[in-house]
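Here is what each chain is made of, one letter per residue.
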Amino acid sequence: MTTPPSAQTRAATPAPRLSVIVPCYNERDNVAEMVRRLSAALTGIAWEVVFVDDDSPDGTAAIARAIAAIDPRVRCLRRIGRRGLASAVIEGVLSSCAAIVAVIDGDLQHDETRLPDMLALLDQGGVDVVVASRFAAGGDAAGLADAKRLRISNAGIKIAQIVLGQKLSDPMSGYFMVQRELFEDIAPRMTGQGFKILLDMLLSAPNRLRVQEIGARFRPREAGESKLSPLVMVQFASLLVDKLLGGRIPPRFLAFAMVGAVGLVVHLAALKLAGSAGFGFDTAQTLATLVAMIANFQLNNRLTYRDQRLRGPALWRGMAVFMLVCGFGAFANIGIARALYHGEHATKLAAGVTGAVIGLVWNYAVSSTLVWGRR
């Protein structure tokens with residue numbers, strides 16, 4: 001039997017020395033160009049690229065698979081029911097076969113021509129991770145020309161530098177290279193949530209990693225839409241808190257609690273607005289509670305449970321269940337606080353805090369199961 005041409009080509013292709021992991025969502029217009037640029041940049045180096053697609057509705061996976069059918073260096077890993085850059089990178093690395101892996105965004109903003117220099121630095125030894133930095137000598141952050149994105153990035157960098165205790169110019173970079181074996185050793189300790197995979201890896205390593213930065217251009221986006229938003233900073237904050245607490249509290253619970261704090265602000269603002277509109281306290285309190293619950297649900301759906309995000313009819317069913325769950329949690333909060341205050345003679349502060357914590361844990365546990373845990 002004659003072997004198909006594509007199989008012959010794959011059989012003759014040398015094992016890759018470098019695996020390039022590209023997490024992507026709605027990047028169909030950038031896939032072919034990414035392959036072309038990698039091919040030009042990595043001349044003389046055996047490489048493969050793994051596109052890890054979070055079931056993009058724009059057909060990103062289909063484009064990647066079509067290219068993979070004729071180019072043995074290209075593979076596509078399509079994830080269904082899971083979402084998030086960090087977890088996509090982890091799965092991509094674990095599916096790769098090269099001894100060295102590089103992580104690069106799928107939006108073409110990272111300068112792929114720096115890959116050979118990064119590989120050379122890693123080959124020299126004495127370095128665990130090579131980071132392509134927008135702010136190191138020779139780097140360029142032109143792709144962050146938008147003032148809001150620049151403020152968010154700068155704020156995150158300053159906080160990350162403090163927590164890491166390392167003078168890295170770009171600890172928030174999403175473009176780096178590392179030995180696959182080292183990454184796999186660290187992976188079980190990583191949270192795998194959010195967008196800052198490099199920071200997650202550095203904070204999760206049992207020993208401080210030796211990091212070498214290399215300047216790289218950060219280009220303006222050519223196609224698709226930016227995923228950066230203020231919500232990313234909430235995920236970033238939950239990652240830092242998780243690491244500071246030694247992983248004792250799930251990052252998703254931390255994000256749920258942060259959203260709850262935002263809901264409290266929304267509640268107070270709605271209460272004041274309703275009071276100013278002439279409503280009595282009971283009516284104003286009811287309206288404020290409903291507004292806060294809706295706000296909490298929407299934020300949790302978009303942030304805390306981003307990888308299980310509800311849409312369509314499931315969104316409305318989930319909101320109804322969430323409000324019932326939180327309503328019961330509110331009654332539990334009040335009941336427990338009153339019991340502690342009157343029965344156990346606890347202080348008002350202690351009783352109130354205990355009731356609030358128990359209510360929060362109830363809301364989180366039941367919401368995770370009944371609202372976002374159902375398929």
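Residues numbered from 1 in each chain as written. Predicted model: local features only at pLDDT ≥ 70, side-chain atom pairs only at ≥ 80, totals over all residues. Heavy atoms only, no water.

By size, the foremost hydrophobic cluster in this structure holds 32 residues, and its most contacted members are Val129, Phe176, Phe183, Met190, Ile197 and Met201. Cys24, Leu108, Met118 and Ile214 belong to the second-largest nonpolar core, a separate cluster that totals 31 residues. (Core = buried A, V, L, I, M, F, W, Y, C linked by side-chain atoms within 4.5 Å. Buried < 20%, exposed > 50% of the residue type's maximum accessible area, 1.4 Å probe, protein only.)

To continue, consider the sheet that holds strand β4 (residues 100-103). One open sheet accounts for seven strands, arranged β3-β2-β1-β4-β6-β5-β7; its pairing is mixed. Two strands bound the open sheet, and with one partner strand each, they are β3 (74-78) and β7 (211-215). Averaged over all pairs of adjacent strands, the angle between strand axes in this sheet comes to 20°, irrespective of strand direction. When strand β1 (residues 18-24) meets β4, the two strands line up parallel, connected through four bridges. (Pairing = 2+ DSSP bridges. Helix = DSSP H or I, 4+ residues; strand = E, 2+ residues; numbered from the N terminus. Axes fitted to C-alpha atoms, helices over the stretch in contact; angles between N-to-C directions.)

Alignment of strand β2 (residues 47-53) against β3, held across five bridges, turns out to be parallel. Bridged to Val49 within β3 is Val74. Chirality of the crossover, the property in question, places the unit of β2, helix α3 (residues 60-68) and β3 among those that are right-handed. (Right-handed = clockwise from strand over helix to strand, strands pointing away.)

This paragraph deals with the pairing of strand β6 (residues 176-179). For β4 and β6, the ladder comprises four bridges, and the chain directions are antiparallel. Following the sheet pairing, Val101 is matched in β6 by Val178. As paired elements, strand β5 (residues 129-133) and β6 share three bridges and run antiparallel to each other. In the sheet register, Val130 faces β6, and the bridge partner there is Met177.

At a closest axis distance of 8 Å, the pairing of helix α2 (residues 28-41) and α3 adopts a crossing angle of 25°. Judged by the inter-axis angle, α2 sits roughly parallel to α3. Where α2 crosses over α3, the two elements pack in a sense that is right-handed. Where α2 abuts α3, its residues Arg28, Val31, Ala32 and Val35 lie against Thr60, Ile63, Ala64 and Ile67. (Parallel < 35°, antiparallel > 145°, perpendicular 65-115°, else oblique. Left-handed = near helix turned anticlockwise from the far one by under 90°. Contact = heavy atoms within 4.5 Å.)

For the rest of this paragraph, the subject is the side chain of Gln308. Topologically, Gln308 is positioned in the loop between α11 (281-304) and α12 (313-343). Since its relative accessible area comes to 16%, Gln308 is described here as buried. Among the polar contacts made by the side chain of Gln308, one reaches the main-chain carbonyl oxygen of Trp372 at a distance of 2.7 Å. (Polar contact = N/O pair within 3.5 Å; in protein donor to acceptor, adjacent residues only side chain to side chain.)

An α-helix turns once per 3.6 residues; consequently, residues spaced three or four apart project the same way. Burial of helix α8 (residues 197-204) is extensive: eight of the eight residues sit out of reach of the surface. Of all the residues in α8, the buried ones are Ile197, Leu198, Leu199, Asp200, Met201, Leu202, Leu203 and Ser204.

Side chains that carry opposite charge are capable of pairing whenever their charged atoms lie near each other. On inspection of all chains with the given rule, the structure shows 16 salt bridges. Its salt-bridge partner being Asp111, residue Arg217 comes within 3.4 Å of it at the nearest N-O pair. Residue Arg217 is found in the loop between β7 and α9 (230-244), and its partner Asp111 is found in the loop between β4 and α5 (115-124); the two are separated by 106 residues along the sequence. For Asp111, a relative accessible area of 4% gives the class buried. Across the salt bridge formed by Glu184 and Arg180, the nearest N and O atoms sit 3.1 Å from each other. Of this pair, Glu184 and Arg180 both sit in helix α7 (residues 180-186), separated by four residues, roughly a single helical turn. Through salt bridges that share partners, Asp111, Glu112, Arg217 and Arg219 make up one connected network. (Salt bridge = Lys/Arg side-chain N within 4 Å of Asp/Glu carboxyl O.)

What follows concerns the packing of aromatic side chains. Taken as a whole, this structure holds six aromatic pairs when the rule is applied. Here the aromatic rings of Phe297 and Phe322 are separated by 5.6 Å at their centres, their planes lie at 55°, and the arrangement is tilted. Note that Phe297 is positioned in helix α11 and Phe322 in helix α12, a separation of 25 residues in sequence. Here Phe297 matches Phe322 in class, with each residue buried. On the numbers, 5.4 Å between centres and 25° between planes, the contact of Phe297 with Trp372 is stacked. Linking Phe297 in helix α11 with Trp372 in the segment after α13 (348-371), this pair joins segments that are 75 residues apart in sequence. (Phe/Tyr/Trp six-rings, centres within 6.5 Å; stacked < 30°, edge-to-face > 60°.)

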